[in-house]
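Chain by chain, the residues run as shown.
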Amino acid sequence: MAERASGSKYVPGTYATPKPSAPEMADRYIREWDEKRRETKEKEPQAVEYPPTICISRKLGIGAVEIADLVAEKIGYRVVDHQILQHIATNASLSEKTVAIFDERYSGKISELVTLAFGEKAFIKSDYTRHLFSSVYAIAALGPTIFVGRGVHLLLAREKVLAVRIISSVQFRVQRLVSLMNISKEEAAKQIIELDRQQAAFFKEVYDKKDASPYEFDLVINCDYIKERRAVAEIILRAFREKFSFPEAGGRS
């Protein structure tokens, strides 16, 4: 019997398949976007444009990044999750680099976009929030993206976003952490409570919101009843293709 890793701490975005760290992924994406910027420098659009974007909101510990990766494999998108956004927004040089790439194409547009998203009473309470918002707009404009977490669906133009909410019971999330991390149910439950507390504090501080209304989303999926990761990914794919007439593999629409 495997030994329980009772001291292990769950990090949002963790699942069984090994993948590069958030700093590695952030650095890779920014290098690629910088190269793309140089290649297309003479074709600057007049208005801010970005491709149809998928934004996944979720209860922490539910496995949303794994689902996003499955969707991304089918449509050639990049997954930018909580950890990557956090890394960019809290790393001054990366945040400035990302925004600089955006500003070269869309000079002075970030404050305008924030106002469009939140109205004339738009507020930014901290440097972190400003860097987060700026990074989201820059990333969305620099390549086809699936965002996971951080309330990104609240920032981008609604008609360009498939907004998905993935939920489950606490018991489902506890059992996932037990299986994934080989920890006790008691430890998993403690971590879920703390994750929920941190998430609630983030949304209160950054968006002044207590809850995620179902009316914010195109689609709400409950993993208590649709448990298979690939099934959830297929539902999101179908909704994305229906909303944006995105072609099936092989060119069928």
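Each remark here, short or long, concerns the structure printed above.
Residues numbered from 1 in each chain as written. Predicted model: local features only at pLDDT ≥ 70, side-chain atom pairs only at ≥ 80, totals over all residues. Heavy atoms only, no water.

Draft legend 1. Structural context of helix H3 (residues 82–90). Among all positions in H3, only His82, Ile84, Leu85, His87, Ile88 and Ala89 are buried. In this structure aspartate 81 caps H3, since a side-chain oxygen of it lies 3.1 Å from the backbone nitrogen of glutamine 83. (Buried < 20%, exposed > 50% of the residue type's maximum accessible area, 1.4 Å probe, protein only. Helix = DSSP H or I, 4+ residues; strand = E, 2+ residues; numbered from the N terminus. Polar contact = N/O pair within 3.5 Å; in protein donor to acceptor, adjacent residues only side chain to side chain.)

Draft legend 2. Quick look at the nonpolar core. Within the largest apolar cluster, 43 residues are counted, with the highest numbers of intra-cluster contacts made by Tyr137, Phe147 and Leu156. Elements with a minimum of two residues in this core: helix H1 (22–39), H3, helix H4 (92–105), helix H5 (110–118), helix H6 (127–142), strand S4 (161–167) and helix H8 (185–207). When residues in this core are grouped by element, the largest group, 10 residues, is from H6. Not counting residues within four places of it along the chain, the set of residues in contact with leucine 156 comprises Tyr50, Thr53, Cys55, Val136, Tyr137, Ala140, Phe147 and Val161. Listed in part, the 30 residues of the second largest apolar core include Val164, Ile221, Phe240 and Phe244. (Core = buried A, V, L, I, M, F, W, Y, C linked by side-chain atoms within 4.5 Å. Contact = heavy atoms within 4.5 Å.)

Draft legend 3. Structural context of a nonpolar patch on the surface. Taken together, the side chains of Tyr225, Ile226 and Ile235 define a hydrophobic patch exposed on the protein surface, amounting to about 300 Å² of accessible area. Mapped onto the elements, isoleucine 226 comes out in the loop between strand S5 (219–222) and helix H9 (229–244). (Patch = residues over 30% accessible without salt bridge, like charges linked within 9 Å, V, L, I, M, F, W, Y side chains within 5 Å. Areas by Shrake-Rupley, 256 points an atom, 1.4 Å probe, with all protein chains shown as cover. Salt bridge = Lys/Arg side-chain N within 4 Å of Asp/Glu carboxyl O.)

Draft legend 4. Spatial organisation of the packing of aromatic side chains. Following the criterion strictly, the structure yields six aromatic pairs and no others. Aromatic pair tyrosine 77 and phenylalanine 240: ring centres 5.7 Å apart, planes at 80°, arrangement edge-to-face. Of this pair, tyrosine 77 sits in the loop between helix H2 (64–75) and strand S2 (78–80) while phenylalanine 240 sits in helix H9, placing them 163 residues apart in sequence. For tyrosine 77, a relative accessible area of 8% translates into the label buried. Ring plane angle 85° and centroid distance 5.2 Å describe the contact between phenylalanine 202 and phenylalanine 203, whose orientation is recorded as edge-to-face. This pair shows no difference in class: phenylalanine 202 is buried, exactly as phenylalanine 203 is. An aromatic cluster is built from Phe133, Phe202, Phe203 and Tyr207, whose rings are joined through pairwise contacts. Taking the ring centre of phenylalanine 202 as reference, the NZ or CZ of arginine 150 above it sits at 3.6 Å. Of note, lysine 160 hangs over the ring of tyrosine 50, and the distance from its end group to the ring centre comes to 5.1 Å. (Phe/Tyr/Trp six-rings, centres within 6.5 Å; stacked < 30°, edge-to-face > 60°. Lys NZ or Arg CZ within 6 Å of the ring centre and 35° of its normal.)

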